Amino acid sequence: MKKNYQLTDPDELRHYKQGEYLYGHPEWETEFGLAAWSDIVDLEGIVCPADPGHRRAGRRLTDLAIILPSPKVGDFMWTWPGECLITDRVLELFRQAGFTGFEVKPVTIERVKRLGKKRLEDIPRLWELVVTGRGGDARPESGIRVIYRCEACGLVEYSSYRNGILVDEEQWDGSDFFTINGYPKHILVTERVKDLIIAHQLTNCVLIPAEKLRWPETVMRPEDFYAKKGLLQEEE
């Protein structure tokens, strides 16, 4: 069985001890910080005809525009909602390696805090890494399942993972970058991507073996939230 890894923000290391993750440095979280959305980002609005409580923001309708916390930019940068941004250097490495399962979109840097004597033009160009590869449903041993579904607006909620995220290779499309159902913000990558990141010592990213992923103790599990509201659904 192939081994996969979550590619994520160094801030996630607050949930792990040294030795529980494969690659990354906790200090990168404060060294580079998180980018913020600017006010020009436009989101799709979803209104449920059956339940007003399902009103929510949908997909982003515009390319990403951000405010950087400082002029210091790593090979990877991350936004507070969880988007992954990469520099030209990283994009070229990914393309040379022939990695699959991703596309990029341009990112506009609207402003840089604490810019000092530097100019905005001196900041490296950034691209939003958009994952297109699909892993389907995780293996049942992960504990991930559908716990709520609204037929009126299409809202689908999944339970937490209990034993990491175990990829079902029969459903996975074989891409180097992919996500599994229910966890679109969890970027999973193959050994090929892991090896390139480590070989080039790319900064401001973390690699965690997918089977070792832990649910944060400070975050309520979705199944507990829906059970408390009496809305928990179990599907065959």
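Before reading on, note that the structure itself is shown above.
The shown structure was predicted, so the numbers you read here are calculated from the model rather than taken from an experiment.

*Asks:* What is the right way to read the packing of aromatic side chains from this model?
*Replies:* Aromatic ring pairs are reported here in terms of the distance separating the ring centres and the angle at which the planes meet. In the structure shown here, the tally under the stated rule is 15 aromatic pairs. Between Phe94 and Phe177, the ring centres sit 5.2 Å apart and the planes meet at 55°, which makes this aromatic pair tilted. Residue Phe94 is found in helix α2 (residues 88-97), and its partner Phe177 is found in strand β13 (residues 177-180); the two are separated by 83 residues along the sequence. Under the relative-accessibility criterion, Phe177 is labelled buried at 0%.

*Asks:* Help me understand the pattern of salt bridges, please; the structure alone is not making it clear to me.
*Replies:* Pairing is possible between side chains of opposite charge, provided their charged atoms come close. Following the criterion strictly, the structure yields 14 salt bridges and no others. Asp195 serves as the salt-bridge partner of Lys194, at 2.8 Å between the closest nitrogen and oxygen. Residue classification places Lys194 among the buried positions, given a relative accessible area of 13%. You can call Asp195 partly exposed: its relative accessible area is 42%. Three or more residues are tied together by salt bridges with common partners; here these are Arg60, Glu83 and Glu128.

*Asks:* What's the story with the environment of Val112 in this structure? I'm lost.
*Replies:* Among the structural elements, Val112 can be located in strand β8 (residues 102-112). In this structure Val112 comes out as buried when scored by relative accessible area, which is 9%. In this structure, the C-alpha to C-alpha distance between Val112 and Lys72, residues 40 residues apart in sequence, is 9.6 Å. What Val112 contacts, discounting residues up to four positions off in sequence, is Leu68, Ser70, Pro71, Leu120 and Ile123.

*Asks:* Looking at this structure, how should I read unusual backbone geometry?
*Replies:* Leave glycine aside and you will find that most residues have negative phi; peptide bonds, for their part, are mostly trans. Residues other than glycine seldom take positive phi values, yet Gln201 does so here, at roughly 50°. Its place among the elements puts Gln201 in the loop between α3 (191-199) and β15 (206-209). Residue Asn204 is not a glycine yet carries a positive backbone phi of 65°. With respect to the helices, strands and loops of the structure, Asn204 is situated in the loop between α3 and β15.

*Asks:* Looking at this structure, I do not really get the side chain of Thr8. What am I missing?
*Replies:* Tracing the sequence through the fold places Thr8 in strand β1 (residues 5-8). Residues within four places of Thr8 in sequence aside, it is in contact with Trp78, Cys205, Val206 and Ile208.

Each value, and the rule that gives it
Residues numbered from 1 in each chain as written. Predicted model: local features only at pLDDT ≥ 70, side-chain atom pairs only at ≥ 80, totals over all residues. Heavy atoms only, no water. Phe/Tyr/Trp six-rings, centres within 6.5 Å; stacked < 30°, edge-to-face > 60°. Helix = DSSP H or I, 4+ residues; strand = E, 2+ residues; numbered from the N terminus. Buried < 20%, exposed > 50% of the residue type's maximum accessible area, 1.4 Å probe, protein only. Salt bridge = Lys/Arg side-chain N within 4 Å of Asp/Glu carboxyl O. Contact = heavy atoms within 4.5 Å.

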